[in-house]
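# Survey of secondary and tertiary structure
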Amino acid sequence: MPCRTLSHRGRPDPTSRRAALFLFLLSAMTVLAPELVAQELPFQRDYPGAGPSTCPVFEAPSSGSEEARAQAGQLASSAAQAVILGDLERAGALLERAAELDPASADVAYRRARVLEDSGETEEAVVEYCRTIALAGDGSGARDAQARLDAIAAAERGSLPDTALAAFQEGLAAVDEGSYRAAAEAFAVATNQAPSWAGAAYNRGVALDRLGQSADAAGALLRYLELRPDAPDAIAVSQRIGQLQSLAVSSVPSPGAALALGTLLPGVGHFYAGRPVGGFTVLALVGGAVAAGFLIEDVNIRCLNPVEGGGTCPPDQVVSRETERPYMMAGLGAAAAVSVVGAVEAFFELRGRRARARALPSPSELETAEAGPVLEGPSLSTRFDRVDLSLLRLRFR
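## Regarding the overall build of the protein chain
Scanning the protein chain for helices and strands turns up 16 helices and 6 strands. Expressed as a percentage of the 397 residues in the protein chain, the buried residues total 28%. Contacts spanning at least 24 positions in sequence make up 58% of the contacts within the protein chain whose residues lie at least 6 apart.

## Some points on the nonpolar core
Formed by 35 residues in total, the largest nonpolar core has its most connected members in Phe 168, Phe 187, Trp 197, Tyr 202, Leu 221, Tyr 224 and Val 237. Elements supplying a minimum of two residues to this core: helix H7 (162-176), helix H8 (180-193), helix H9 (198-210), helix H10 (214-227) and helix H11 (234-251). Beyond its immediate chain neighbours, meaning those up to four positions away, Tyr 224 contacts Gln 44, Ala 198, Ala 201, Tyr 202, Ala 231, Asp 233 and Val 237. Residues Ala 68, Leu 75, Ala 76 and Val 108 belong to the second largest nonpolar core, which totals 13 residues.

## A few points about the pattern of salt bridges
As enumerated under the stated definition, the model contains 9 salt bridges in all. The residue Arg 112 makes a salt bridge to Glu 128 at a minimum N-O spacing of 2.9 Å. Highlighted residues: Arg 112 in helix H4 (residues 106-118) and Glu 128 in helix H5 (residues 122-136), separated in sequence by 16 residues. Glu 128 carries the same exposure label as Arg 112, and that label is buried. One salt bridge in this structure joins Arg 240 and Asp 209, with 2.9 Å as the shortest N-O distance. You can see Arg 240 sitting in helix H11 and its partner Asp 209 sitting in helix H9, a full 31 residues away along the chain. Residue classification places Asp 209 among the buried positions, given a relative accessible area of 15%.

## Considerations on the environment of Gln 44
Among the structural elements, Gln 44 can be located in the loop between helix H1 (14-38) and helix H2 (66-84). Each C-alpha atom of the pair Gln 44 and Leu 172 lies 8.8 Å from the other, and the pair is 128 residues apart in sequence. Not counting the four nearest positions on each side in its chain, Gln 44 is found in contact with Phe 168, Leu 172, Gly 199, Tyr 202, Asn 203, Tyr 224 and Asp 233. Within the structure, Gln 44 has its side chain in polar contact with the side chain of Tyr 224 (distance 3.2 Å).

## What about H4?
Taking 1.5 Å of rise per residue, 13 residues should cover 18 Å, and H4 covers 18 Å from first to last C-alpha, within 8% of that figure. Inspection of H4 places Ala 106, Val 108, Ala 109, Tyr 110, Arg 112, Ala 113, Val 115, Leu 116 and Glu 117 among the buried residues, and these make up the whole buried set. The opening residue of H4, the one whose side-chain oxygen lies 3.2 Å from the backbone nitrogen of Val 108, is Ser 105. Downstream of H4 by a residue or two, Gly 120 has a phi angle that is positive, lying close to 90°.

## Quick word on the state of the cysteines
Here, the word disulfide means a covalent bond between the sulfur atoms of two cysteines. The final tally for this structure, using the stated rule, is 1 disulfide. Linked covalently through their sulfurs, Cys 303 and Cys 313 form a disulfide whose S-S length is 2.1 Å. Judged by the sign of its S-S torsion, about 80°, the bond between Cys 303 and Cys 313 is right-handed. Remark: Cys 313 occurs in the loop between strand E1 (298-303) and strand E2 (318-324) and Cys 303 occurs in strand E1; sequence separation between them is 10 residues.

## Notes on the packing of helix H3 (residues 88-101) against H4
Across the interface, H3 lies against H4 with an axial gap of 9 Å and an inter-helix angle of 150°. It follows from the interaxial angle that H3 and H4 lie roughly antiparallel. Considering how the two elements wind past one another, H3 and H4 form a crossing that is left-handed. Where H3 abuts H4, its residues Leu 88, Ala 91, Gly 92, Leu 95, Glu 96, Ala 98 and Ala 99 lie against Val 108, Arg 111, Arg 112, Val 115 and Asp 118.

## A look at a nonpolar patch on the surface
On the surface, Phe 294, Leu 295, Met 329 and Leu 332 cluster together into a nonpolar patch covering about 430 Å² of accessible area. Breaking the nonpolar patch down by element, the ones donating at least two residues are helix H14 (276-295) and helix H15 (328-358). Checked against the element boundaries, Phe 294 lands in helix H14. Judged by its relative accessible area of 38%, Phe 294 falls in the partly exposed class.

## As for the confidence of the model for the protein chain
A residue-level look at the protein chain finds 75% of positions with pLDDT of 70 or above and a mean pLDDT of 76. At the level of individual helices and strands, the protein chain shows its lowest average pLDDT in strand E4 (residues 379-383), which scores 43, and its highest in H8, which scores 93. With pLDDT under 50 throughout, residues 22-38 is counted as low confidence; its partners more than four residues away or in other chains account for 0 contacts.

What counts as what
Residues numbered from 1 in each chain as written. Predicted model: local features only at pLDDT ≥ 70, side-chain atom pairs only at ≥ 80, totals over all residues. Heavy atoms only, no water. Helix = DSSP H or I, 4+ residues; strand = E, 2+ residues; numbered from the N terminus. Buried < 20%, exposed > 50% of the residue type's maximum accessible area, 1.4 Å probe, protein only. Contact = heavy atoms within 4.5 Å. Core = buried A, V, L, I, M, F, W, Y, C linked by side-chain atoms within 4.5 Å. Salt bridge = Lys/Arg side-chain N within 4 Å of Asp/Glu carboxyl O. Polar contact = N/O pair within 3.5 Å; in protein donor to acceptor, adjacent residues only side chain to side chain. Expected span 1.5 Å × (residues − 1). Disulfide = S-S within 2.5 Å. Axes fitted to C-alpha atoms, helices over the stretch in contact; angles between N-to-C directions. Parallel < 35°, antiparallel > 145°, perpendicular 65-115°, else oblique. Left-handed = near helix turned anticlockwise from the far one by under 90°. Patch = residues over 30% accessible without salt bridge, like charges linked within 9 Å, V, L, I, M, F, W, Y side chains within 5 Å. Areas by Shrake-Rupley, 256 points an atom, 1.4 Å probe, with all protein chains shown as cover. pLDDT = per-residue confidence, 0-100.

This is the structure we're talking about:
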């Protein structure tokens, strides 16, 4: 008798399939999580007047050779003579070279910070003062550098209106409470009161980013880079701006879909575009045109006996009754025209939104953009429970 081999293919265990799916999703999240976290920018909490100036932690640089240190000392002496002669540009160049030769010298860092501060390059001077504090430890140079930092902070505090500082603090308090809408509004007040305050523009952009308002967030962060092109976080902010610009374009509904929906169903194109006021307006106009076409009637009645002027034909003497709607075709035509015009308007509005989102300048374009006023408007937009109507807006850059 021939021997047959029987094979049996079992059905996959549902539990094992769920476990495999879970492991796949977990691995995908492990790969993508760092990238997603990196997209979120932190809020800046330091502001002028918050207290004594603090510095970030600097890594201790390696000391140069004895010959390099000696050459750096000579350059520092030459820079001191240039300062006496009032040649700050030459002094700055000499001290920059000395810092390259001896990056561990607190004295060179402090001298360079003083020259930078006297030249009006305050932000670069702050970095060098912080470097001095890190290199000098508990020495007198560190105390002098800290005093200079506190003086710079006091000067900056005096240049900002109290209302801007109060609004900035209010925005930080709203952030701690998780109320990003209130935070964005507070930071907007701070930027209006102090248009050149980069930190307020940055925090407003981060708050708008948390609210999902990609285009406005990108614009605020671009303003931050315009005010501080050499910001230490410029690379991270530039990357986030690029992501926000892509989100701003992709978040705009499809203009073609708005055109098709608005043509088929009156007003739906506006509702699809997030403009309920326009949708209700189109719907009301279409309904009014259709109602007028059907409700306005001409009734012709043939009566068995003549009817005296102003009288009516008795029902038992009515021979025939003819009802005409003379404005029906005109009403239907007007309704169709309003529907098409509304759909086309929704189409162009969405297309304009996409064009404006794509037209946001990149951080590199800000350096070549000419300063001056920009006139914008009119515009009508709806956001959740709010309707924003802007007739004219004058923006300075």
